[in-house]
Amino acid sequence: MTDRAVLHVKGRVLVGPEEIRDELWVVDGRITYDRPVSAGDIRTVEGWALPGLVDAHCHVGLDQHGAVPRDVAEKQALTDRDAGTLLIRDAGSPSDTRWTDDREDLPKIIRAGRHIARTRRYIRNYAWEIEPEDLVAYVAQEARRGDGWVKLVGDWIDRDLGDLAACWPRGAVEAAIAEAHRLGARVTAHCFAEDSLRDLVEAGIDCVEHATGLTDDTIPLFAERGVAIVPTLVNIATFPRLADGGEAKFPRWSDHMRRLHARRYDTVRNAYDAGIPVYVGTDAGGSLPHGLAAAEVAELVTAGIPPVRALAATTWAAREWLGRPGLTEGAPADLVVYETDPRADVRVLGAPRRVVLNGRVVG
């Protein structure tokens, strides 16, 4: 498609879960629902169109050992793009990926800066590892470096206890979250277990990643405060393997991980039923490959979330939560076209017919 070409998307355009248009046009990289008065080349794409998918927990520039070279990060981003993910909330990375902002062929990234963890309480080479007295300063630093988000490590294995345990005293997280909010940033936290959740929510946190430790005691608190969760079920599926690998050294931790895994679907369904906002995230970039957003949507459906709501968790609702437009008049033309109606079967998300980014057909 040339710079002057107009893209015509026709068939079914899912502007929202209930709002359907028959067509849209892309002129100069932006969406319009008014047919252009005059145009040069016109390319027509037919099918079911959705806003570009959102992966709200994805790590571009990171692998299981830490930061990766630029060419590897580029491949990660391209893998996500080709799978239909056009908006990423990068939930913590030691890499500087600002260079991607100048690439119109790569997904848009909302960054949370680098993870902030307790000393020797997270994956090596991932996080700033600090003590509680420095938490406010590091949160302020990452709030200024990020794109409106900061990422804490809320719990991790405590080697003395041999199990998952909260990383931060209540007073430290209260002060840190208040500082992030003062600077206009939202805060999220990695949390597998139960112990850290109440303190984080009552301290004002905006989101919790994984949230496998939610219980009947804390679910109402999350719902009352409107705290979102990003369950990353495709990552939670690895818990049994992790538990097997650590059982000889940390049997208590291994048992805990298996129990969290066993109830994962009930946890997510109960959270959704209580009104907790749930969004799609894959945790790609650590030990998991990129391009898994469709698989995560399918996991949410398996957990009991209605298909249209699971679809919203990676499209309309997710974009609204992150403050980015969908298929609205004048918005950047970031959309994915499918062969059939993804509301009828979310598995169609795994096979995009066309991917359009910044108005250009890129896949």
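In this numbering scheme, every chain counts its residues from 1 along its sequence in written order. Restriction of local features to residues with pLDDT of at least 70 applies here, the model being predicted, together with a cutoff of 80 or more for giving and counting side-chain atom pairs; totals for whole chains, interfaces and linings are based on all residues. For the side-chain quantities, the full set of heavy atoms in the structure was used; hydrogens and water were omitted.

Draft legend 1. Representation of the side chain of serine 254 within the structure. Here a strand is any run of E in DSSP of at least two residues, a helix any run of H or I of at least four, and the numbering for each starts at the N terminus. Its place among the elements puts serine 254 in helix 8 (residues 251–262). Any N or O atom pair separated by 3.5 Å or less is treated as a polar contact, with the protein-specific requirement of one donor-capable and one acceptor-capable atom, and with residues adjacent in sequence counted only for side-chain atom pairs. Looking at serine 254, its side chain comes within polar contact range of the main-chain oxygen of alanine 243, at 2.9 Å. Sequence-distant contacts of serine 254, that is, excluding residues within four places in its chain, are made with Ala243, Gly246 and Glu247. Contact between two residues is taken to exist if any of their heavy atoms lie within 4.5 Å; hydrogens are not considered.

Draft legend 2. View of the packing of helix 2 (residues 135–145) against helix 3 (residues 170–182). Each axis is a line fitted through C-alpha atoms, and for a helix only the stretch in contact is used; angles between axes span 0 to 180 degrees, taken between their N-to-C directions. The interhelical angle for the contact between helix 2 and helix 3, taken along N-to-C directions, is 25 degrees, at an axis separation of 9 Å. Put simply, helix 2 runs roughly parallel to helix 3. Relative to helix 3, helix 2 is oriented so that their crossing is right-handed. Along its contact with helix 2, which presents Leu135, Val136, Val139, Ala140 and Arg144, the element helix 3 presents Ala172, Val173, Ala175, Ala176, Glu179, Ala180 and Arg182. Put simply, angles under 35 degrees are roughly parallel, angles over 145 are roughly antiparallel, angles from 65 to 115 are roughly perpendicular, and the rest are oblique. The hand of a helix crossing depends on one turn: near helix anticlockwise from the far one by less than a right angle means left-handed, and clockwise means right-handed.

Draft legend 3. Seen up close, the packing of aromatic side chains. Pairing of aromatic rings covers Phe, Tyr and Trp, the last counted by its six-membered ring, and requires centre-to-centre distances within 6.5 Å; plane angles under 30 degrees mean stacked, over 60 mean edge-to-face, and any other angle means tilted. Going through the model one piece at a time under the given rule, you end up with 7 aromatic pairs. Each ring, one from tyrosine 279 and one from tryptophan 321, has its centre 4.1 Å from the other, and the planes form 10 degrees; the classification is stacked. Of this pair, tyrosine 279 sits in the loop between helix 9 (264–273) and helix 10 (293–303) while tryptophan 321 sits in helix 12 (residues 316–322); the two residues are 42 residues apart in sequence, bridging distant segments of the chain. Residue classification places tyrosine 279 among the buried positions, given a relative accessible area of 9%. Partly exposed residues are those whose accessible area sits between 20% and 50% of the maximum for their type, while under 20% is buried and over 50% is exposed, using a 1.4 Å probe and protein chains only. Residue tryptophan 321 is classed as buried on the basis of its relative accessible area of 14%. A cation over a ring is seen here: arginine 89 above tryptophan 149, with NZ or CZ 4.6 Å from the ring centre. Directly above the ring of tyrosine 265 sits arginine 264, whose terminal nitrogen or CZ lies 4.2 Å from the centroid. Comment: the charge-over-ring label is applied if NZ (Lys) or CZ (Arg) is within 6 Å of the ring centre and within 35 degrees of the ring normal.

Draft legend 4. How the structure looks around the nonpolar core. Nonpolar cores were defined as sets of buried Ala, Val, Leu, Ile, Met, Phe, Trp, Tyr and Cys residues, with membership established by side-chain atoms within 4.5 Å. Leu135, Ile205, Phe222 and Leu300 are the most contacted members of the largest nonpolar core, which has 78 residues in total. Residues Leu24, Val45, Ala333 and Val337 belong to the second largest nonpolar core, which totals 15 residues.

Draft legend 5. Just the sheet that holds strand 9 (residues 108–111), in detail. Strands were regarded as paired on the criterion that DSSP finds at least two bridges between them. Reading across the sheet, the 3 strands line up as 5-8-9 and stay open at both edges, with parallel pairing between neighbours. Lying at the two open borders of the sheet, with one neighbouring strand each, are strand 5 (53–58) and strand 9. When strand polarity is set aside, the average angle formed by the axes of neighbouring strands in this sheet is 20 degrees. Two elements, strand 8 (residues 85–90) and strand 9, share 4 bridges in a ladder whose sense is parallel.

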